[in-house]
Amino acid sequence: MRVGIGYDIHRLRPGGPLRLGGVDIPCDKELIGQSDADVLLHAVTDALLGAAALGDIGQMFPDTDPANRGRNSAEMLHAAQQAVHAVGWRIGNLDCVVSAQRPKLLTHRQKIRERIAEILDIDAECVGLQAKTGEQVGPVGREEAITAQCVVLLLPQEDDASEDVS
Ligand code: MG
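Here is what the cut-offs are and how they apply
- Residues numbered from 1 in each chain as written.
- Predicted model: local features only at pLDDT ≥ 70, side-chain atom pairs only at ≥ 80, totals over all residues.
- Heavy atoms only, no water.
- Helix = DSSP H or I, 4+ residues; strand = E, 2+ residues; numbered from the N terminus.
- Polar contact = N/O pair within 3.5 Å; in protein donor to acceptor, adjacent residues only side chain to side chain.
- Core = buried A, V, L, I, M, F, W, Y, C linked by side-chain atoms within 4.5 Å.
- Buried < 20%, exposed > 50% of the residue type's maximum accessible area, 1.4 Å probe, protein only.
- Contact = heavy atoms within 4.5 Å.
- Salt bridge = Lys/Arg side-chain N within 4 Å of Asp/Glu carboxyl O.
- Pairing = 2+ DSSP bridges.
- Axes fitted to C-alpha atoms, helices over the stretch in contact; angles between N-to-C directions.
- Right-handed = clockwise from strand over helix to strand, strands pointing away.
- Donors = N, O, S within 2.8 Å, 3.2 Å for Na, K, Ca; no water.

This paragraph deals with the side chain of Ser 73. Relative to the assigned elements, Ser 73 resides in helix 3 (residues 73-86). Side chain to side chain, Ser 73 and His 42 meet in a polar contact 2.8 Å long.

Now the structure itself:
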């Protein structure tokens with residue numbers, strides 16, 4: 001098996017909605033970036049690519065390529081999942097931490113978990129999501145940015161067959 005870690009940070013600006021984990025959350029702030037700035041999906045994408053030693057999201061989708069401007073991060077995550085799958089791995093589970101002073105993510109947690117699971121074609125039970133505030137200090141606490149972290153476990157695809165038999 002293989003483990004991977006991903007981290008990302010994006011700045012906030014007045015606007016909305018807030019795109020997080022592939023879900024548009026009602027908010028008076030939005031994330032800024034070259035793509036749609038979905039900080040959570042970027043962390044998951046990097047964790048997947050890292051676990052399979054396939055580089056990172058910036059290598060797969062260079063910010064110098066105009067085609068990546070405003071790109072839907074769900075597309076990027078799906079492409080990473082396909083790349084990981086192509087070299088013989090499948091996802092065991094993943095766990096994420098989002099640090100955001102606002103909005104409260106508790107009421108959106110299930111929807112985000114289900115959306116990430118849908119993009120990755122796995123069960124939502126395999127997607128953990130923890131929500132933290134910034135304790136009103138630092139860029140997160142001052143509502144200047146949101147950060148996300150993710151760890152993912154990859155398992156060899158050949159395990160599929162033995163599991164089906166048992
Ligand atoms: Mg990013």
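That covers the picture; the talk isn't over yet.
Glancing now at the nonpolar core. Grouped together as the largest cluster of nonpolar side chains are 39 residues, with contacts concentrated most on Leu 40, Leu 94, Val 98 and Leu 154. Taken together, the elements giving at least two residues each to this core come down to strand 2 (18-20), strand 3 (23-25), helix 1 (39-51), helix 3, strand 5 (89-99), helix 4 (109-120), strand 6 (127-132) and strand 7 (145-156). Sorting elements by how many residues they give to this core places helix 1 first, with eight residues. Not counting residues up to four positions away in its chain, the partners in contact with Leu 154 are Met 1, Arg 2, Leu 48, Ala 51, Ala 52, Val 84, Trp 89, Arg 90, Ile 91 and Gly 92.

Time to look at the pattern of salt bridges. Applying the stated rule across the entire model yields nine salt bridges. Between Glu 30 and Arg 13 there is a salt bridge; the shortest N-O distance is 2.7 Å. Highlighted residues: Glu 30 in strand 4 (residues 29-32) and Arg 13 in strand 1 (residues 2-14), separated in sequence by 17 residues. Accessibility expressed as a relative area gives 39% for Arg 13, which makes it partly exposed. The shortest N-O distance in the salt bridge between Glu 118 and Arg 115 comes to 2.7 Å. Within this pair, Glu 118 and its partner Arg 115 are both found in helix 4, separated by three residues, close to a single helical turn.

Okay, the sheet that holds strand 6 next. Strand order in this open sheet of five strands is 4-1-7-5-6, and the pairing throughout is mixed. At either margin of the open sheet sits one strand with a lone partner, and together these are strand 4 and strand 6. On average, each strand axis in the sheet is inclined to that of its neighbour by 25 degrees, with strand direction left out of account. With four bridges joining them, strand 1 and strand 4 adopt antiparallel strand pairing. Residue pairing for strand 4: Pro 14 is matched across the bridge by Lys 29. Here helix 4 sits on the sheet in contact with strand 5 and strand 6, set at roughly 140 degrees to strand 6.

Moving on: the pairing of strand 5. Of all 11 residues in strand 5, eight are buried; the element is thus mostly enclosed. As paired elements, strand 5 and strand 7 share 10 bridges and run antiparallel to each other. Each bridged residue has a counterpart across the sheet, and for Ser 99 the counterpart in strand 7 is Thr 147. Read from strand 5 through helix 4 to strand 6, the crossover connection turns out right-handed.

Here we come to the coordination of the magnesium ion. Around the magnesium ion, the protein supplies Asp 8 (OD), His 10 (NE2) and His 42 (ND1) as donor atoms, at distances of 2.1 to 2.2 Å. Mapping the donors of the magnesium ion onto the primary sequence yields the spacing D-x1-H-x31-H. Residue His 10 is located in strand 1, and its partner His 42 is located in helix 1; the two are separated by 32 residues in the primary sequence. Residue classification places His 10 among the buried residues on the basis of a relative accessible area of 12%.

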